[in-house]
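Coordinate analysis (summary)
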Amino acid sequence: MAPPLEDAAPLQLHTVEVDQPLAAVNRLLAGLHLALAATAIAHRGVHDIILLAADLVLLFLWLLSQAPMLRPVSRAAFPGRLSRPALPAVDVMVVTADPDKEPAVKVMNTVISAMALDYPGGRLTVYLSDDAGSPLTLLAARKAYAFARAWVPFCRKYGVQCPCPERFFAGSDQLDGGGGVDHHRELAGDKIRVKNMYETFKTGIEEATMDAALSGSCTKAARHDHDAHVEIIADKQNSNSGGDEDAMPPLVYVSREKRPAWAHHFKAGALNVLLRVSSLMSNAPYVLVLDCDMYCNTRSSAMEAMCFHLDRRRDDLAFVQFPQMFHNLSGNDIYANELRSIFSTRWKGLDGLRGPILSGTGFCLRRDAVYGARPASSRDPFSSMEVGELKTRFGHSNAHVASLRRTAGSTTGVLPRDAALVASCEYETGTRWGE
Ligand SMILES: O=c1ccn([C@@H]2O[C@H](COP(=O)(O)OP(=O)(O)O[C@H]3O[C@H](CO)[C@@H](O)[C@H](O)[C@H]3O)[C@@H](O)[C@H]2O)c(=O)[nH]1
Ligand SMILES: [Mn+2]
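On a predicted model such as this, the values are computed, not experimentally measured, just so you know. All residue numbers refer to positions counted from 1 along the written sequence of the respective chain. By the order in which they are written, chains take letters starting at A while ligands take numbers starting at 1. Confidence filtering applies because this is a predicted model: local features only for residues at pLDDT of at least 70, side-chain atom pairs given and counted only at 80 or more, and all residues used for totals across whole chains, interfaces and linings. Calculation of side-chain values draws on the structure's entire complement of heavy atoms; hydrogens and water are dropped beforehand.

Looking at the overall build of the protein chain
Scanning the protein chain from N- to C-terminus turns up 16 helices and nine strands. For the protein chain, the spread of C-alpha atoms along the three principal axes comes to 80 × 65 × 55 Å. Exposure is judged per residue with a 1.4 Å probe applied to protein chains only, and the accessible area is read against the type maximum: over 50% gives exposed, under 20% gives buried, and values in between give partly exposed. When burial is assessed residue by residue, the protein chain has 46% of its 435 residues classed as buried. Taking contacts inside the protein chain between residues at least 6 apart in sequence as the whole, the part at least 24 apart equals 79%. The secondary structure listing takes helices from DSSP runs of H or I that are at least 4 residues long and strands from runs of E that are at least 2 residues long, numbered from the N terminus. Only heavy atoms matter for contacts: two residues are in contact if any of them lie within 4.5 Å across the pair.

Structure follows, in structure tokens:
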């Protein structure tokens, strides 16, 4: 007899399967390689002991490199099985550093795609770190927020898959046309309207890029010598306190303080500042990191990451790493820029062992893991620690220390008092931050 519904095991949020055909091919190739290498070494004999030693060392290194080839796995996530009201908050962190090499339209496509993720609006906040402190990037961020006010509802209404507007308008996303002729007509009209808004947004940014006053103020020297600037770009009445599914995710622009005499630690330094600034506002327990030249391929990415993080069968998962894909590569690419051997072969194999390493972008991390909590610690790992000890580890911002003891906060339109403090050059000095 089938068990009553309330006793049934909860539906699995994700599954994992060994990719048997790939494993078989890899094992066959490894066997062949080993046999050929052994034959070659045996054929050469022990005439030259140094050559033999070199061959054996190389063979040993090759053997080590085979581990990720033996058990490649594939994973599937089922975001539809998640309970939306129970989803924890997510902070998306986008980092940019150079307004010349990283064009504002591309950076803003990353920002807008993060804002359009399929996630309850009240539990998603997007942070943009601008290491150059460029007025152009700040202006572009404000324009991106204004465009997102049309783009995000459009994506939600028609179930858009690709959240990146540039690729959406260039691609063939299947939209939910609904049943009726009227709905189809409405969709077609809305698509043209939003596309026109996107073109206007792009033209606006391109014109700003030409504006000598804007780009002229961001000299090479100024990029390495500027105050911290944090700005919350959000609707006035829109407070991100968790309840509202349809709310627009706020966008927070962060340019940390930079001085020539202080090491800024590049992207890692920028992410450290974003962790602290976000802790004063949304303080989401999960953090999704994107380089400014990346975007999520599907709007369900954050939900898919949650299928792994919310799996109660394990409590030692620190991060979910998404593979990278590259568009617009030359058809004659001879340098393997697609990185297929890494993401399609080796990382699937590492996943079958103990999991791939962090690639630096496209990962969803547990905030307390990066703060140094033990894997199986309680949901509130810092509650038993003295305030003095917390300050030694995390610095002297009371608001940041308080954030360690509560899981999520809220983003109002008001800038927290410590925002500039935690984004300052010397904040980590004398602390054990990062140990
Ligand atoms: O001082 C800095 C330097 C870089 N960045 C940002 O960090 C990201 C990565 O920098 P990038 O120069 O694009 O590095 P890549 O050569 O692309 O190498 C990357 O390769 C991986 C992805 O392909 C990333 O995840 C790694 O972190 C990174 O080193 C970009 O968004 C930059 O804007 C900063 O915020 N501050
Ligand atoms: Mn890059």
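A short note on helix α2 (residues 49–65)
The span you would expect from a helix comes to 1.5 Å times its residue count less one. Helix length check: α2, at 17 residues, gives a terminal C-alpha distance of 24 Å against a target of 24 Å (1.5 Å per residue), a fit within 8%. Among the residues of α2, L52, D55, L59 and W62 are the ones counted as buried. Taken down its axis, α2 places every buried residue within 85° of arc, on the same side. Residues I49, I50 and L64 are exposed on α2 and point more than 90 degrees away from its buried face. Taking the backbone nitrogen of I50 as reference, a side-chain oxygen 3.0 Å away marks D48 as the first, capping residue of α2. It is the directions from the helix axis to the C-beta atoms that the arc portrays. Two N or O atoms form a polar contact when they lie within 3.5 Å of each other; inside protein one atom must be a possible hydrogen donor and the other a possible acceptor, and for residues adjacent in sequence the pair counts only when both atoms belong to side chains.

As for the side chain of D91
Looking at the element boundaries, D91 is found in strand β3 (residues 90–96). Judged by relative accessible area, which is 0%, D91 ranks as buried.

Considering the site of ligand 1
When we say a residue is near a molecule or strand, we mean one of its heavy atoms is within 4 Å of it. Near ligand 1 there are 14 residues, and of these V95, E102, D131, K267 and S359 occur at the shortest range. Residue A97 places a main-chain N or O atom 3.2 Å away from an oxygen atom belonging to ligand 1. A distance of 3.2 Å separates an oxygen atom of ligand 1 from a polar atom in the side chain of Q324. Per-residue accessibility takes into account occlusion by the displayed protein chains alone, with areas from the Shrake-Rupley method and a 1.4 Å probe. Coverage of ligand 1 by the protein chains reaches 64% of its 690 Å² of free accessible surface. Contributions of two or more residues to the shell around ligand 1 are made by β3 and α10 (266–279).

Topic: unusual backbone geometry
Leaving glycine aside, a negative phi is the common case for residues, and trans is the common case for peptide bonds. Positive phi values are uncommon outside glycine, yet H265 reaches one of about 60°. Within the secondary structure, H265 is located in the loop between β6 (251–255) and α10. Unlike most non-glycine residues, N283 shows phi in positive territory, near 50°. Here N283 shows up in the loop between α10 and β7 (286–291). Classification of N283 by relative accessible area gives buried; the value is 1%.

So, the packing of helix α5 (residues 135–158) against helix α7 (residues 181–210)
With their axes 10 Å apart at the nearest point, α5 and α7 run at an angle of 175° to one another. It follows that α5 is roughly antiparallel to α7 by the angle criterion. Each residue gets one of three labels, nonpolar for Ala, Val, Leu, Ile, Met, Phe, Trp, Tyr, Cys and Pro, charged for Asp, Glu, Lys and Arg, and polar for the others, Gly among them. Considered class by class, the residues forming the contact of α5 with α7 number 16 nonpolar, three polar and five charged. Under this scheme, a helix contributes an axis fitted over its contacting stretch, all axes are lines through C-alpha atoms, and angles between N-to-C directions fall in the 0 to 180 degree range. Working rule for angles: under 35 degrees goes down as roughly parallel, over 145 as roughly antiparallel, 65 to 115 as roughly perpendicular, anything else as oblique.

A closer look at the packing of aromatic side chains
Geometrically, a pair of aromatic rings is defined through the distance of the ring centres and the angle of the planes. Two aromatic rings, drawn from Phe, Tyr or Trp (for Trp, its six-membered ring), form a pair once their centres lie within 6.5 Å of each other, and the interplanar angle then sorts them: stacked below 30 degrees, edge-to-face above 60, tilted otherwise. This model, assessed by the stated rule, comprises 17 aromatic pairs. Pairing Y198 with F201 gives two aromatic rings, centres 5.9 Å apart and planes at 35°, and the pair type is tilted. Within this pair, Y198 and its partner F201 are both found in helix α7, separated by three residues, close to a single helical turn. Each member of the pair, Y198 as well as F201, carries the same accessibility label: buried. Grouping aromatic residues by their ring pairs yields a cluster made of F147, W151, F154, Y158, F168, F169, Y198 and F201.

A closer look at the pattern of salt bridges
Counted as salt bridges are all cases of a side-chain nitrogen of Lys or Arg within 4 Å of a carboxyl oxygen of Asp or Glu. On inspection of all chains with the given rule, the structure shows 27 salt bridges. The salt bridge partner of K157 is E186, with a shortest N-O separation of 2.4 Å. In this pair, K157 sits in helix α5 while E186 sits in helix α7, placing the two residues 29 residues apart along the sequence. With relative accessibility at 40%, the residue K157 sits in the partly exposed group. A relative accessible area of 37% places E186 in the partly exposed class. Here D227 ties to R259 by a salt bridge, and the two come within 2.4 Å at their closest N and O atoms. With D227 in the loop between α9 (220–223) and β5 (229–233) and R259 in the loop between β6 and α10, this pair connects stretches of sequence that are 32 residues apart. Exposure remark for D227: the relative accessible area of 55% places this residue in the exposed category. Counted as one network, the salt bridges with shared partners bring together D98, D100, K101, K220 and R223.

A few points about the environment of D351
By the secondary structure assignment, D351 is in helix α12 (residues 340–353). Taking the C-alpha atoms as reference points, D351 and P72, 279 residues apart in sequence, are found 6.9 Å from one another. Among all residues touching D351, those that are not within four sequence positions of it are V73, R75 and P356.

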